Each structure stands twice: as structure tokens, then as C-alpha cells.
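Listed below are the residues making up each chain.
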Amino acid sequence: MSISLVPARMVWFCPNCSLEWSYPVKYCTNCRKETGKKDSSRYVVVGFTQISIPSPKNETVPYYVVLLEGDSGGRILKKTFKEPRLGDEFREVLSGGRTLVSVSRVKYDISGSVAKVLNLLGDVKINETQKVLIKPNLSFPANASSGVVTNPLVVEGVIEYLLSNGARREDILVGDSCAIGFDMNSILRKSGLGEVCERMGVEFIDLEECGTVLREIEISGEKFRIEFADEVFKRDLIVNLPVVKTHFQAGVSLALKNMKGCAKSQSKKYMHRFGLQKAIAYMNLLLPKYVTVADGTVGLEGFGPSVLGRPADLGLIFAGKDPVALDLTVCRLLGLESTEYMRLASRIGVGNGDLDSVSVVGEEYQAVTRRLERPAQEFSPTERIRVIDGNGCSGCSNNLWVALSRLPKDTGSLEAEVVFGSYFGPDRLDSLKLKFAVGDCAIVRMREIGLEGQGISGCPPETEAILRRLSEWYFHRRGHVAGTWSTNSLLRHPL
Ligand code: SF4
Ligand SMILES: [Zn+2]
């Protein structure tokens, strides 16, 4: 992978007296005139210092902080691992590869970073006749800074960028569908995205409510068919806005995975049954091309993609026109393992999986590397309960794991098995243990294979219903009275 330095940094300037600031200033401190924003094109090193003590987000030392002076006298600071000399010029070096992944450290100005990463891609064409779909991640109800949903300020930055590059407000649509069993209105309210769309005068559409388009493909003799929201195929430009997060089923959720929100709910269920890794890769072959702006302002680590993950303050934004190159690059930068669906997507031609031919532009590679905690395979707080995933979808898995996280931590020998989804046989279950089937799929499957147990019905069942049933058993066996313990002490950020 070749690395480049790009000096371009947004500065705020006074059109009246030519003062400049490297942080947002709305009115000139000298003449009170409203400021403007611009990029400087050329910077020279006028000072630097070496930092040898690590700090959060700057774990690798030594590095240098250089003071750069732009063409018009404005000064900015930049982190670098290359030893600078006074008078050095900072200029763009796009070496080698054709595929670009751009990255920006977010300091004061999210919309400035969004504009920077998109400008660095160079050829994102926008005009006044194009109909645009912005596709954030709105899977679960969560706050803007939780790392679970796309930060609304990133969405706002993309809308501003599109408008300032010629798109018409009425041609911009923001749209997504939520995980099965959740309510889009509460997600829009909780995340603050509904308010952003209203303020920006841009329409929001729930893709689950759109018409349907069927697309199918046959790969290696295997048929794969998906129903998508028809709106996805009516737009000239799609801007995909995933959150950078870990995902206990998929491994990582980035550009390729985020497009699953374009599929209708029946197809989302089908994708899990089909095998999620393969389905994500195949689905991307059926979708129109898209540009990705990945929101790493606050990402999610550990047991993502929902509230059981831990918010990770990354302060980064990425962009790319090739989702495979982007996903693999971000994984490498953040110390995450690439996933099977990324490698498969590369093999079937969704994008470029050869990182040696990918150029990372915008920041130095080392200046943006971080280490995210990978997702654990299980989150069961007690050894007395084992969970069996029968390729269930996000609705059941999320509600079950949240319910389990609310049980007290405990050790002991295995007493019960909890199964969800429908792809499991008797061989995966222990006939001597008590069984709970979570969700209608698992109940039907248990009947099919002739096993007895307790069903918790729903598609998906509510977290509270799962918790109630499990705790009745759990505390009854322990001689406690159900409901006398805290229900949310283990939640890191409440729903
Ligand atoms: S019961 Fe659960 S696993 Fe089955 S379709 Fe509904 S949410 Fe998905
Ligand atoms: Zn002024």
C-alpha cells in the first residue's frame, strides 16, 4: 500500500482583513465580518517539535507535530512520522496505485473533513440533474455519539457537500431501513437524524416502506435472490455512510455490510439463512455502484454492532469509491481481521482486494492507525447458559444478547441452551439440557426436529420477554424471586 501526504486543510478566513484561523471562527475577531472556509494548496514547515510521550490516539512515539504555513500566511498543525526540516514543503504524493482510499483526522470541523475526503477522491461527479440517495446506518435506536448509528453531523456534512457542488436540495434523499423488530421513528428521534433532515430541508425515506425490486444471480451453480427497495435503483448517485464498527456475526461492519439496509426485511432474514458472509458479497454484486464515506468519528469496538459494543473515539473519516478496498484498508488501519465476505467480494469482482495497489491519501498511515477490540464470539455472562446461533437475523440476536447481558455474571456448569434462528440440527444441541427457543424461527425448527423446550415467541421477541422467561428459570433455580435485581446495570449506554 502506498501512502501519501496531503497538505490540504480547511482554514477559516476573513475576506475583509485576510486573517486566517485553523479552527472554526464564525465572525472575524478583528472586523466582525462573517468568515469563509477554504483549502490552502501549499504549505511550508516553519516549526516542529518531537513528541516522545504517548497519549490516547497517539500511542506510537516518537512522532512530530509540525507548524505549517500556507500560501496566504495561515498556519496549521499536522502530525507526521517523517522527520521534518524547516522549509520543507508539504505536497500531495499519489504514488502508484489506481484505487484510492482517503482519510481525514477530524479536529474541529466534521463537514470540513467530509469535504476533504470526498475532494481527495477527485472524480465524484455531482450535478443539478442527479438524484442522490444518502444511505446512513440506522439499524438500532441509539444516540448520535454511541458509535451504533451514523453521526448525523456526518450526514449533514455530506448534504452540505452535495449542495455546494451543484446538487439540488429536492433531489437529495436520505434513506435506510432498521433492524427487524425496531421502529424507524424512534431511531430518527434518538439519533437526531430526523432533526438534521428537517433543518437541511431534505426528505427522509424508510427503505422498508418503498416498492420492491427483485434481483437475482447464480454463482457456482447456486442461486441467490434479493428484494431491494426500488428507490435504490432510481438514484443516479448513492453515498453510503456506514459507521466503523465491529459486528459479532459479520466480524466488521463497514461499506459492504452497510448496504444490507437496502434489502427488504424478508430478504434480510433470507441473507442470514443463506449464510451472512456469502450473502453480503453477492448482494453487493447486485447493487448499483456507490461512493462510501465511512463515519469513524466515534466507532464501535468489542461486541458490536449494537449497544453491547463500546464506543471508540477514533476521530477519523474515510472515503472510497471501491468498497472492498475501503473495507480492507480500514480493517488494516484499525487492527481488525478482514472478513470472509470482503475476500469473497474481491474474488467475485465487487472491488479491488489487492492492498498493494491501493493508495491511502489524506493522512500518513501511521498517524491514523488505531487498535480496535475485536468482537468476542459470545456475550453470555453465565457459564450455565450456552447460546446456539442458527443463522438468526439481527432482530433475535440483538434482543437475546441484550437480555443475556442483563443477567448477573455467574459461573457454574452448563444447564440450559438458548437457540435462535432456524439453521441447526439435533447434533448441535445437548439432549440432556433444558432448551429455550428464542423467536418464531427457532420454535418452528425445534418442532420440526422433534425436540422439547420452552419457546419465547415473536419475530423477534422483545428483549423484556426474553429476559422475563430466562430470569424466571434462572432465579427460580437459585431460590430468588424474579425481578428483584437491576435490569440495566450491565448496559453501557441505554437504549
Ligand atoms: S424469528 Fe428472529 S431469526 Fe427468525 S426471522 Fe424473526 S427476527 Fe429473524
Ligand atoms: Zn476581518
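In this text the structure is predicted, and so the values were computed from the model without any measurement. (Residues numbered from 1 in each chain as written. Chains lettered and ligands numbered in written order. Predicted model: local features only at pLDDT ≥ 70, side-chain atom pairs only at ≥ 80, totals over all residues.)

## Digging into the overall build of the chain
A tally of helices and strands in the chain yields 12 helices and 24 strands. C-alpha extents for the chain along the principal axes are approximately 80 × 50 × 45 Å. Out of the 495 residues in the chain, the part that is buried amounts to 48%. (Helix = DSSP H or I, 4+ residues; strand = E, 2+ residues; numbered from the N terminus. Buried ≥ 20, exposed ≤ 12 C-beta atoms within 10 Å, placed from the backbone.)

## A word on the environment of Met-446
Looking at the element boundaries, Met-446 is found in helix α11 (residues 440-448). For Met-446, a count of 23 C-beta atoms within 10 Å corresponds to the buried category. For the pair Met-446 and Phe-436, spaced 10 residues apart in the sequence, the C-alpha separation amounts to 9.7 Å. Leave out the neighbours within four places in its chain, and Met-446 touches Ala-437, Leu-451 and Gly-453. (Contact = placed C-beta atoms within 7 Å.)

## A few points about the environment of Ser-111
Here Ser-111 is to be found in helix α1 (residues 110-121). Owing to 20 C-beta atoms within 10 Å, Ser-111 belongs among the buried residues under this scheme. Between the C-alpha atom of Ser-111 and that of Leu-429, which follows or precedes it by 318 residues, the distance is 51 Å. Beyond its immediate stretch of four places on either side in the chain, Ser-111 contacts Glu-156, Gly-157 and Glu-160.

## Some words on the sheet that holds strand β6 (residues 63-70)
One open sheet accounts for 4 strands, arranged β7-β6-β5-β8; its pairing is antiparallel. With one partner strand each, in any of the chains shown, β7 (75-80) and β8 (89-90) form the two edges of the open sheet. Looking at chain direction, strand β5 (residues 43-51) and β8 are connected through 2 bridges and run antiparallel. Looking at β8, one finds that Tyr-43 is bridged to Phe-90. (Pairing = 2+ DSSP bridges.)

## A word on the domain arrangement of the chain
As assigned here, the chain comprises domain 1 (2-90), domain 2 (99-368) and domain 3 (385-478). Along the lines of polarity and charge, the residues of the side of domain 2 that touches domain 3 split into 5 nonpolar, 5 polar and 3 charged. (Domains from an automatic or database assignment. Nonpolar A, V, L, I, M, F, W, Y, C, P; charged D, E, K, R; others polar.)

## Considerations on the site of ligand 1
Around ligand 1 lies a shell of 13 residues, among which Gly-395, Cys-396, Gly-439, Cys-441 and Cys-459 are the nearest. Breaking the shell around ligand 1 down by element, the ones donating at least two residues are α10 (394-405), β22 (416-421) and α11. Classifying every residue of the shell around ligand 1 gives 7 nonpolar, 4 polar and 2 charged. (Near = placed C-beta within 6 Å.)

## Focus on the nonpolar core
Core analysis: the largest hydrophobic core is formed by 128 residues, its most contacted members being Val-114, Val-158, Val-239, Val-293, Phe-318 and Val-438. Taken domain by domain, the makeup of this core includes at least three residues from each of domain 2 (99-368) and domain 3 (385-478). Aside from chain neighbours lying at most four places away, what touches Val-114 is Val-154, Gly-157, Val-158, Tyr-161, Val-293 and Ile-317. The next biggest cluster of nonpolar side chains, apart from the first, holds 9 residues, and it includes Val-11, Trp-12, Leu-68 and Ile-76. (Core = buried A, V, L, I, M, F, W, Y, C linked by C-beta atoms within 7 Å.)

## Section: the pairing of strand β16 (residues 243-247)
Of all the 5 residues making up β16, 5 are buried; the element is thus mostly covered by neighbouring parts of the structure. Note that β16 and strand β18 (residues 291-302) share 2 bridges and pair parallel. Considered in β18, the bridge of Lys-245 is made with Leu-300. Note that β16 and strand β17 (residues 251-253) share 3 bridges and pair antiparallel.

## Examining unusual backbone geometry
With an omega of 15 degrees, the peptide bond running from Gly-304 to Pro-305 counts as cis. The topology assignment puts Pro-305 in the loop between β18 and β19 (309-320). Looking along the chain, the bond that leaves Cys-459 and enters Pro-460 is cis, with omega of -5 degrees. Within the secondary structure layout, Pro-460 lies in the loop between β24 (454-456) and α12 (463-478). The phi torsion at Arg-32 lies on the positive side, around 70 degrees, for a residue other than glycine. Relative to the elements of secondary structure, Arg-32 occurs in the loop between β3 (20-21) and β4 (36-39). On the basis of neighbour count, Arg-32 is assigned to the exposed category, with 9 C-beta atoms found within 10 Å.

## Digging into the sheet that holds strand β23 (residues 434-438)
Read across the sheet, 4 strands follow the order β21-β22-β23-β24 without closing on themselves; strand pairing throughout is parallel. Only two strands of the sheet have a single neighbouring strand rather than two, namely β21 (385-390) and β24. Ignoring which end each strand starts from, the neighbouring axes of this sheet average 20 degrees apart. Note that β22 and β23 share 5 bridges and pair parallel. Looking at β23, one finds that Glu-417 is bridged to Lys-435. (Axes fitted to C-alpha atoms, helices over the stretch in contact; angles between N-to-C directions.)

## Comments concerning the pairing of strand β14 (residues 222-229)
Sheet topology places strand β13 (residues 212-219) next to β14; 8 bridges connect them, and they run antiparallel. Directly across from Leu-214, in β14, lies its bridge partner Glu-227. Following β13, the chain reverses through 2 residues before pairing antiparallel with β14; Ser-220 in that reversal takes a positive phi of roughly 50 degrees.

## Some details on the packing of helix α7 (residues 276-286) against helix α9 (residues 340-347)
Between α7 and α9, the shortest axis-to-axis distance is 8 Å and the interhelical angle comes to 35 degrees. Where α7 crosses over α9, the two elements pack in a sense that is right-handed. Residues Gln-277, Lys-278, Ile-280, Ala-281 and Asn-284 of α7 lie in contact with α9, whose contacting residues are Glu-340, Tyr-341, Leu-344 and Ala-345. Of the residues assigned to the contact of α7 with α9, the class counts are 5 nonpolar, 2 polar and 2 charged. (Left-handed = near helix turned anticlockwise from the far one by under 90°.)

## Re the packing of helix α2 (residues 152-164) against helix α4 (residues 193-200)
Each pair of packed helices can be described by the angle between their axes along with the distance between the axes. Two elements in contact, α2 and α4, have axes separated by 9 Å at closest approach and are oriented at 25 degrees. Taken together, the axes of α2 and α4 are roughly parallel relative to one another. For the pair α2 and α4, the crossing hand works out as right-handed. Contacts from Pro-152, Val-155, Glu-156 and Ile-159 in α2 reach Leu-193, Val-196 and Met-200 in α4. Grouping the amino acids of the contact of α2 with α4 by side-chain chemistry returns 6 nonpolar, no polar and 1 charged. (Parallel < 35°, antiparallel > 145°, perpendicular 65-115°, else oblique.)

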